[in-house]
Amino acid sequence: MTERTRPTVDRALCKGHGRCYMVAPDVFDCDDEGFAVVTDDATTPEQIAGLDRAVSNCPEQAISTATR
Ligand code: SF4
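Just so it is clear, the structure is predicted and the values come from calculations on it, not from any experiment. (Residues numbered from 1 in each chain as written. Predicted model: local features only at pLDDT ≥ 70, side-chain atom pairs only at ≥ 80, totals over all residues. Heavy atoms only, no water.)

## What about the pattern of salt bridges?
If charged atoms from side chains of opposite charge come close, those side chains can pair. Note the following rule: Salt bridge, as used here: a side-chain nitrogen of Lys or Arg that lies within 4 Å of a carboxyl oxygen of Asp or Glu. Under the scheme used here, helices are H or I runs from DSSP no shorter than 4 residues and strands are E runs no shorter than 2 residues, and both carry numbers assigned from the N terminus. For the exposure calls, accessible area comes from a 1.4 Å probe over protein chains only, and a residue counts as buried if that area is under 20% of its type's maximum, exposed if over 50%, partly exposed in between.
According to the stated counting rule, one finds three salt bridges in the structure shown. The partner of D41 in a salt bridge is R6, and the shortest N-O contact between them spans 3.3 Å. Residue D41 is located in the loop between strand 3 (36–38) and helix 2 (45–57), and its partner R6 is located in strand 1 (residues 5–9); the two are separated by 35 residues in the primary sequence. Among the residues examined, D41 registers a relative accessible area of 7% and is labelled buried. The network of salt bridges with shared partners includes R4, R6 and D41.

## Focus: unusual backbone geometry
Backbone geometry at Q61 places phi at a positive 50°, although glycine is not the residue there. If you trace the backbone, Q61 turns up in the loop between helix 2 and strand 4 (63–67). On the basis of relative accessible area, Q61 is assigned to the exposed category, the value being 68%.

## Quick notes on the nonpolar core
Within soluble globular proteins, side chains that are nonpolar tend to cluster in buried spots. To be explicit about the condition: Throughout this description, the term nonpolar core refers to a set of buried Ala, Val, Leu, Ile, Met, Phe, Trp, Tyr and Cys residues connected via side-chain atoms within 4.5 Å. We call two residues in contact whenever any of their non-hydrogen atoms come within 4.5 Å of each other.
Residues V9, C20, F28, A36, A54 and I63 are the most contacted members of the largest nonpolar core, which totals 14 residues. Those elements that place two or more of their residues in this core are helix 1 (19–23) and helix 2. Those residues in contact with A54 that sit more than four places away from it in its chain are C20, V23, A24, F28 and I63.

Okay, structure coming up:
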């Protein structure tokens, strides 16, 4: 079974820096105001690596993950 890591963004913490969707564009995108939105679970090794980079690069610690 494929491991899937589901990210969530806390909208109360997100300041719209954009680091997450720059380092993981296949997991995150931005809304019309520049705040992060999750577009996909991280399932591929590339997505999981990107998600790890996004978590470590978010200055607001707004990204959390749940593996299932
Ligand atoms: S890096 Fe963090 S604060 Fe910045 S847009 Fe992404 S989730 Fe929001």
